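The lines below spell out each chain.
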Amino acid sequence: MKFLVCISKAPDTTTKIAFIDNNTKFNNDKVVFIVNPYDEWYALVRALELKEKLGGSVTVINVGAADTDAIIRKALAIGADDAVRIDAEPVDAMFVAKQIAEYVKANPYDIVLCGKETIDYNGSEVGGMIAGLLDWGYVSLASSLELNGTVATLNREIAGGHETVEASIPFVLSAAKGMAEARIPNMRGIMAARTKPVAVVAASANENHTSILSYELPKEKTGVKLISPDNVGELISLLHNEAKVI
Amino acid sequence: MPVLVFSESANGVFKKSNFEAVSYGARVAALLNTEAVVVDFEGLSDEVLKTLGDYGATKVYRVSNDLLKNFDAGLYAKVLNDVAQKLNCTTVVFSFNYSGKAIAPVLAAKMNAGFVAGAIDLPGMDGSSMKIRKNVFSGKAIALYAIHSQNKIIALTPNTVAPVKTENKCSIENLEVAINNTDNKVKVKEVVKASGKITLSDADVVVSAGRGLKGPENWGMVEEMATILGAATACSRPVADIHWRPHEEHVGQTGLTVRPNLYIALGISGAIQHLAGVNGSKVIVVVNKDPEAPFFKAADYGIVGDVFEVVPKLNEAFKKFKAGA
Ligand SMILES: Cc1cc2nc3c(=O)[nH]c(=O)nc-3n(C[C@H](O)[C@H](O)[C@H](O)COP(=O)(O)OP(=O)(O)OC[C@H]3O[C@@H](n4cnc5c(N)ncnc54)[C@H](O)[C@@H]3O)c2cc1C
């Protein structure tokens, strides 16, 4: 089984979000970038578990400039066999999806795994777009993945519960919590990652359909009103009369 | 070129998020000097579908086919693409819920459309471009997006733009779309829904608890509060990680993002990753015994106290309030 795991770089979850150039650019000064958690913890680890059980290979793919090398090495240290970097700034989700879909058309894989969303742009887009471009089946928000020959059984989250679905390879999934447990790379993995192959591929020409014009920060809360634990009735009346939420 | 809205019910009943999407579609249509039409894949009755007219739809197209009985994002996107072509629609609106998240990106690829996933207000027009705001960095910021392409897809974040009632009357029409067995690539085998429970992602009130509860055996009072308030229950990440609660309840940057009218946090410290998933809530109430807990900075109302003393008292008071209301 050939697994392709899409990984994106994202600012560490503790990052203080700020903008520069008149609020038109994310300020990435001193920001630590990590592998997007959904890509790493769930998609990558589940692909590795299945490869260990059934054989095959796990390739990670990233659309990004040379500065994504660190997160690619991290994915290799966790256990991916090799990596592909499509050399371009990821301008929007469709641009990224088109790059990956074109790569997959030329280099066939059985299952393409994405995280359910990135923690920076929160779009939940790339997986579905790749599936649409390749005309493959798409399973979104998958919380488990089992393989029996060429047929996969997955659980996916739906409103108020989950459902079990079946998909034949090739297909695309987006991975949610539950699919696997995060792995911490060990020293051997980190050493091995240094020499694993990373293919740098030129991007194909594609224009972006969307762009970000500016950013703003959400309104800050004006300050908490504290209520005595001995007078919880006051909270009820504030929620009813002032906030009008009950 | 009408605006096309994808509509979905929960067992034949429309949720608020569906009316929000229809109403949003109608308001986008007004900006474009056109009308909003809705597509239904569930074969719902005229009576049920007509209620979408109250939110501005002028027409509902019903596509009936056995293959549409089970959800398959790829199949739904293919049929929606055919419908959009038949009706000459270049703008499609979804709710950014489970189904919208699954179908909209596939459709965006098929229509080669610019897609804003998770809009939080109405678009502004700039020539033929649309400018729309959406949350980014897991709620820590807002970005103003422009869609330049001719085809456009917008998925509206639930509970951000309130639905507006109109006096509209809408008509219902059956629409034939050819569907092949081979279009259905993902097959649903079993659907498991927690019956009677309120869905976290579209709950108006959420009662959430963290490690301060000490153990899963103490969740009785949390569930009681949720029952009294008609709320959904949620939890912090460590609580789901150590299996005190099911992982569907995990909210935050690496869990579900919720934006209820009221979020009540019990024994949760308010780490930045937790706040990211809940700071879109209209009103936040925090109960924590540590006055320095960071959550108080993000709260509207707070009680500094021990959950094991405060929550039972709150439950009594909520019960009294509900009995009197
Ligand atoms: C990459 C990454 C992603 C993460 N994603 C998420 C996420 O999505 N969601 C999330 O929630 N966390 C996330 N976290 C974890 C986050 O950093 C915090 O560790 C977590 O939110 C803390 O959970 P907690 O508040 O329940 O527990 P604690 O931090 O242990 O806090 C417990 C709180 O309960 C209070 N307390 C204790 N006893 C009582 C009592 N008797 N009465 C009243 N109050 C009491 C304490 O004062 C304390 O404030 C993430 C972390 C990382 C590194």
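Residues numbered from 1 in each chain as written. Chains lettered and ligands numbered in written order. Predicted model: local features only at pLDDT ≥ 70, side-chain atom pairs only at ≥ 80, totals over all residues. Heavy atoms only, no water.

Peer 1: Provide a residue-level description of the nonpolar core, including the pertinent values.
Peer 2: By size, the foremost hydrophobic cluster in this structure holds 65 residues, and its most contacted members are Leu-4, Phe-94 and Ile-153 of chain B. Apart from the residues within four sequence positions on either side, Ile-153 of chain B is in contact with Val-92, Phe-94, Ala-104, Leu-107, Ala-108, Met-111, Ala-113, Gly-114, Phe-115, Val-116 and Ile-147 of chain B. Among the nonpolar cores identified, the runner-up in size contains 41 residues, and Ile-72, Ala-77 and Leu-145 of chain A together with Val-186 of chain B belong to it. (Core = buried A, V, L, I, M, F, W, Y, C linked by side-chain atoms within 4.5 Å. Buried < 20%, exposed > 50% of the residue type's maximum accessible area, 1.4 Å probe, protein only. Contact = heavy atoms within 4.5 Å.)

Peer 1: Before we move on, can you summarise the packing of helix H4 (residues 126-134) of chain A against helix H4 (residues 98-111) of chain B with the specific residues and values?
Peer 2: Close contact between H4 of chain A and H4 of chain B brings their axes to 7 Å; oriented N to C, the two are set at 40 degrees. Classified by the angle between their axes, H4 of chain A and H4 of chain B sit oblique to one another. At the point where H4 of chain A passes H4 of chain B, the crossing takes the right-handed sense. Only Pro-105, Val-106, Ala-108, Ala-109 and Lys-110 of chain B of H4 of chain B make contact with H4 of chain A, whose side of the interface consists of Gly-128, Met-129, Gly-132 and Leu-133 of chain A. Looking at the contact of H4 of chain A with H4 of chain B residue by residue, the class counts come to six nonpolar, two polar and one charged. (Axes fitted to C-alpha atoms, helices over the stretch in contact; angles between N-to-C directions. Helix = DSSP H or I, 4+ residues; strand = E, 2+ residues; numbered from the N terminus. Parallel < 35°, antiparallel > 145°, perpendicular 65-115°, else oblique. Left-handed = near helix turned anticlockwise from the far one by under 90°. Nonpolar A, V, L, I, M, F, W, Y, C, P; charged D, E, K, R; others polar.)

Peer 1: Can you break down the domain arrangement of chain B residue by residue, with the values?
Peer 2: All names here are of chain B. Considered domain by domain, chain B is made up of domain 1 (3-183) and domain 2 (200-324). Centre-to-centre separation of domain 1 and domain 2, based on C-alpha positions: 32 Å. Roughly 900 Å² is buried in total at the junction of domain 1 and domain 2, and carbon and sulfur atoms are behind 37% of that figure. A per-residue breakdown of the area domain 1 buries against domain 2 is headed by Ser-138, Lys-140 and Asn-159, which together make up 49% of the total. Remark: the boundary between domain 1 and domain 2 carries four residue pairs in polar contact (both at pLDDT 80 or more). Along the lines of polarity and charge, the residues of the side of domain 1 that touches domain 2 split into two nonpolar, six polar and three charged. (Domains from an automatic or database assignment. Buried area = accessible area lost by both parts, 1.4 Å probe. Polar contact = N/O pair within 3.5 Å; in protein donor to acceptor, adjacent residues only side chain to side chain.)

Peer 1: Tell me about the site of the ligand, and please be specific about residues and values.
Peer 2: Every one of the 28 residues lining the ligand counts as a neighbour, but Ser-236, Thr-254, Ser-269, Gln-273 and His-274 of chain B are closest to it. Positioned at a junction of chains, the ligand has nearby residues supplied by chains A and B. For the ligand, an oxygen atom lies 2.8 Å from a polar atom in the backbone of Arg-211 of chain B. Val-251 of chain B places a polar main-chain atom, nitrogen or oxygen, 2.9 Å from a nitrogen atom of the ligand. Elements represented by at least two residues in the shell around the ligand include exactly helix H6 (237-241), helix H7 (272-276) and helix H8 (307-324) of chain B. Taken together, the residues of the shell around the ligand break down into seven nonpolar, 15 polar and six charged. (Near = heavy atom within 4 Å.)

Peer 1: Mind laying out the side chain of Thr-13 of chain A, listing which residues take part and the relevant values?
Peer 2: Of note, Thr-13 of chain A is situated in the loop between strand E2 (9-11) and strand E3 (19-20). In this structure, Thr-13 of chain A is in contact with Ile-34 and Ile-119 of chain A together with Lys-140, Gln-253, Ile-272 and Gln-273 of chain B, ignoring residues within four places of it in sequence.

Peer 1: I'd like a rundown of the sheet that holds strand E16 (residues 301-304) of chain B, residues and numbers included.
Peer 2: Strand pairing in a sheet relies on backbone hydrogen bonds. The paired strands run either parallel or antiparallel. Spatially, six strands are ordered E15(A)-E16(B)-E15(B)-E14(B)-E12(B)-E13(B) in an open sheet, and the strand pairing comes out parallel. For this open sheet the edge positions go to strand E15 (225-226) of chain A together with strand E13 (232-235) of chain B, each flanked by a neighbour on one side alone. The strands touched by helix H6 (residues 232-242) of chain A are E15 of chain A together with strand E14 (262-266), strand E15 (283-288) and E16 of chain B; relative to E16 of chain B, the strand with the most contacts, the crossing angle is about 175 degrees. (Pairing = 2+ DSSP bridges.)

Peer 1: Help me get a handle on the packing of aromatic side chains, residues and values and all.
Peer 2: Under the defined criterion, the tally for this structure stands at 16 aromatic pairs over all chains. Ring centres 6.0 Å apart and planes at 65 degrees place the aromatic pair Trp-219 of chain B and Trp-244 of chain B in the edge-to-face group. On the criterion of sequence distance, the pair formed by Trp-219 of chain B in the loop between strand E12 (205-209) and helix H5 (220-229) and Trp-244 of chain B in the loop between H6 and E14 is long-range, its members being 25 residues apart. Trp-244 of chain B carries the same exposure label as Trp-219 of chain B, and that label is buried. Taken together, Phe-19, Phe-26, Tyr-121 and Tyr-215 of chain A together with Phe-137 of chain B form an aromatic cluster joined through their ring pairs. The lysine or arginine in question, Lys-2 of chain A, covers the ring of Tyr-109 of chain A, its NZ or CZ lying 4.7 Å from the ring centre. When the ring centre of Phe-96 of chain B is taken as origin, the NZ or CZ atom of Lys-101 of chain B, which lies over that ring, is 4.8 Å away. (Phe/Tyr/Trp six-rings, centres within 6.5 Å; stacked < 30°, edge-to-face > 60°. Lys NZ or Arg CZ within 6 Å of the ring centre and 35° of its normal.)

Peer 1: Go over the interface of chain A and chain B with me, naming the residues and quoting the values.
Peer 2: Interface extent is often summarised as the accessible area lost during association of the parts. At the junction of the two partners, chain A supplies 76 residues and chain B supplies 79 residues. Interface area for chain A against chain B, summed over the two sides, is near 6900 Å², with a carbon-plus-sulfur share of 61%. A per-residue breakdown of the area chain A buries against chain B is headed by Lys-177, His-209 and Lys-221 of chain A, which together make up 10% of the total. If you look at where chain A meets chain B, you find seven salt bridges. Here Asp-135 of chain A ties to Lys-185 of chain B by a salt bridge, and the two come within 3.7 Å at their closest N and O atoms. The element best represented in the side of chain A that touches chain B is strand E11 (residues 161-168) of chain A, accounting for eight residues. A breakdown of the residues in the side of chain A that touches chain B according to their chemical character gives 37 nonpolar, 24 polar and 15 charged. Two elements, E11 of chain A and strand E11 (residues 186-193) of chain B, share seven bridges in a ladder whose sense is antiparallel. In the sheet register, Ala-167 of chain A faces E11 of chain B, and the bridge partner there is Val-186 of chain B. (Salt bridge = Lys/Arg side-chain N within 4 Å of Asp/Glu carboxyl O.)

Peer 1: Mind laying out H4 of chain B, listing which residues take part and the relevant values?
Peer 2: Residue and element names in this part refer to chain B. Along its 14 residues, H4 runs 20 Å from first to last C-alpha, staying within 8% of the 20 Å computed at 1.5 Å per residue. Counting buried residues in H4 gives 13 out of 14 residues, a clear majority hidden from the surface. Asn-112 sits one or two positions beyond H4 and adopts a positive phi of about 50 degrees. (Expected span 1.5 Å × (residues − 1).)

Peer 1: Summarise a nonpolar patch on the surface; cite the residues concerned and give the values.
Peer 2: All names here are of chain A. On the surface, a cluster of nonpolar side chains totalling about 290 Å² of accessible area is made up of Met-187, Ile-190 and Met-191. With respect to the helices and strands, Ile-190 occurs in helix H5 (residues 187-193). Residue classification places Ile-190 among the partly exposed positions, given a relative accessible area of 33%. (Patch = residues over 30% accessible without salt bridge, like charges linked within 9 Å, V, L, I, M, F, W, Y side chains within 5 Å. Areas by Shrake-Rupley, 256 points an atom, 1.4 Å probe, with all protein chains shown as cover.)

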